[in-house]
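Spelled out from the first residue to the last, the chains are:
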Amino acid sequence: MVDLFQGQSLMEQGQGMPESGTHYTYVPPAGCRGPWAKVVLKVAVDEDGFTDAAKAYIRLGGIKIFEGSLSGIASSAPPSPSEPGWEAERDVTDLASLLANPHNGQVGLKPEQAIWQNNMTNQGATLSAQLLFYRASYATPAQKTPDAVFRVMPQADTVTLPHNIVRAYLDVYNQEPWWFTCVPDHELHRGWPFWSELAPGGANKIGIYEPYQGCSGGSFAEIQVSIDGTPAGVAPVFPLLSSSLNYRFTNMVNAPTQPPQMLDYMPYRVDLTPFAAILNEAGEHTIALSRPASAYLLVYQDKRSTRVSGAVTLNSLAGSPSSPVVSDTLEQAGDTVSGQVATGLDRNFKITGFVNTSHGRVTSSVHQRSHFQDTQTFYLDGLQFPEYLHYRQHLQLSSWTLEHSRRTRGGAVLDNNLLTTAYPLTWRYDMDGYTIDDNPDDTEAIPSKGTVSVEQRRNLDASYDHHGHRRYASGVRERFESSRTFDVQAAQNSNWQSTARYHFYDNRGSCYRTALTALDGAVTGETRGLGCPDGHNHVRWFAHSDGSPDSLGWMH
């Protein structure tokens, strides 16, 4: 075990500031040098209370090894105990090449999303982090992990890479709030209250006025990856539920149970192996992301060659449609607006390439299909500024991605892997507003009573066929349901209840189940192992029960 830092008190960094954070120093465990069977990062957080949504991050050697939103439970109602805490664990075995050497690191807090106004930096938390190293043994052999890891910056990053890469993967932190509630640009500028105090959003109060909330740009999001300007892959964006639905309605769905991915973001893995030959070419390479997400590149190298040649032979992603189809039926009738905004895009592309390795030519292909459909239903009552009376936004989001990766050599199949990721979300948001006629500072309606209910799932299905090993299959089923009504004027809650369930399983006997239920802001039930054989959780040592990307390093 190595302590990265203990009891580090942090305050949120201001908007637009770089992720400088507080520095720490890491030294590998002297008595437990790798290679390791498994390495786990354990993070403990004590929250000090907050006024806006923030997230914590940990970097090591420039690589972001942890990111997660604060829960906000320190300011939930009814009052929680002083400085409530939570813990998260993540399998970081694939970062073994990074962990084998000393590095400097940073830990800090930053705004949950950069587009919202945020001139206030009074969110605080105390963090501790440890790395747990598990020795290799006959029963738990050392895993074959990537040979190197490289930081990839948001927007674009230029990196110098080795010239003997045979496999490459990009791990992307794809969690982002609010985009799924946004409206097309032209709707935001029609004078209707899509940009108002009643709309959902993550803005902070600045000065004496209520903050405007809402967002434009449409409700479609994906992260496009390019290498040296050429489209190379696509990652879906996870619809993160923020702890603050708007300035007046904090912790509406997340206290005391938490929605999926909130406390511990798990990266989405993009297979860039067909581009290995391009990455091997001389000179620097630019890896760009279309959205402001953090990522890192993992590569496997041919130890018997200093330079590996090859080519990309097919890339149907380049030139394929990337803009969604939008159907807008919003219409005004008197003092109301109603209708739907439906946004959809289906993708189907294949990328193929080869590398001439010391073991022969290896051909790799990635075939990816995806479906995205976000249907938002609106009803707005009271369009005359500032007399906004009611804001209703119900949405149904369907988002799934199927990635089929295959590697062959001389007609023999080395790997044949399938990964299906699904992020379904049902969201119902209703907000009433009122104005105070004798208060000249009220520029528009103030939220008075709101109701929100959500059902969110995160489903992962994986199937791996590796040469010389029997098929491995695993699945994750994460489900969250929450509803709550809050009367601002009466300071009363009703219909406040939530349930969070998590289930991991594989075809080697692993089964892990947890469930947490809450009523009126207090936990009412917790189960562990219910539904597993003998009613107990049991996970094989190699399993990624946290839902992190699985490189199957134990299959070698």
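Note that this is a predicted model, so its numbers are computed, not measured.

Regarding unusual backbone geometry
At step 1: Residue proline 35 is reached from glycine 34 by a cis peptide bond, and omega for that bond is 5 degrees.
At step 2: One can find proline 35 in the loop between strand E2 (22-26) and strand E3 (38-47).
At step 3: Positive phi values are uncommon outside glycine, yet glutamine 261 reaches one of about 70 degrees.
At step 4: Among the secondary structure elements, glutamine 261 is positioned in the loop between strand E15 (238-240) and strand E16 (268-271).
At step 5: Taking the relative accessible area as the measure of exposure, glutamine 261 reaches 7% and is therefore buried.
At step 6: One non-glycine residue, asparagine 495, lies in the positive phi region at around 50 degrees.
At step 7: Checked against the element boundaries, asparagine 495 lands in strand E29 (residues 492-506).

As for the pairing of strand E11 (residues 165-172)
At step 1: In terms of burial, E11 is largely enclosed, as 8 of its 8 residues are buried.
At step 2: Where E11 lies against strand E18 (residues 295-301), 7 bridges are found, and the strand directions are antiparallel. Note on E18: the bridge partner recorded for leucine 170 is leucine 297.
At step 3: Bridge count for E11 against E16 is 4 bridges, and the pairing is antiparallel. Residue pairing for E16: leucine 170 is matched across the bridge by valine 270.

Focus: the state of the cysteines
Note on terminology: a disulfide is the covalent bond linking the sulfur atoms of two cysteines.
At step 1: The final tally for this structure, using the stated rule, is 2 disulfides.
At step 2: Linked covalently through their sulfurs, cysteine 182 and cysteine 215 form a disulfide whose S-S length is 2.0 Å. Handedness here is read from the sign of the S-S torsion; for cysteine 182 and cysteine 215, about -100 degrees, the answer is left-handed. Linking cysteine 182 in the loop between strand E12 (175-177) and helix H2 (185-188) with cysteine 215 in the loop between H2 and strand E13 (222-227), this pair joins segments that are 33 residues apart in sequence. Accessibility assignment for this pair places cysteine 182 and cysteine 215 in one class, buried.
At step 3: The side chain of cysteine 511 participates in a disulfide bridge whose partner is cysteine 532; the two sulfur atoms lie 2.0 Å from each other. Its S-S torsion of about -80 degrees marks the bond between cysteine 511 and cysteine 532 as left-handed, since a negative value means left-handed.

Focus on the pattern of salt bridges
At step 1: Tallying each qualifying case throughout the model produces 19 salt bridges.
At step 2: A salt bridge links arginine 190 to glutamate 187, with the shortest nitrogen-to-oxygen separation between them at 3.3 Å.
At step 3: Among the ionic pairs, arginine 407 bridges to aspartate 415, the shortest N-O distance being 2.4 Å. For the residue pair arginine 407 and aspartate 415, the accessibility class agrees, reading buried in each case.
At step 4: The network of salt bridges with common partners includes Glu455, Arg457, Arg479, Glu481 and Arg501.

Procedures and definitions
- Residues numbered from 1 in each chain as written.
- Predicted model: local features only at pLDDT ≥ 70, side-chain atom pairs only at ≥ 80, totals over all residues.
- Heavy atoms only, no water.
- Helix = DSSP H or I, 4+ residues; strand = E, 2+ residues; numbered from the N terminus.
- Buried < 20%, exposed > 50% of the residue type's maximum accessible area, 1.4 Å probe, protein only.
- Pairing = 2+ DSSP bridges.
- Disulfide = S-S within 2.5 Å.
- Salt bridge = Lys/Arg side-chain N within 4 Å of Asp/Glu carboxyl O.

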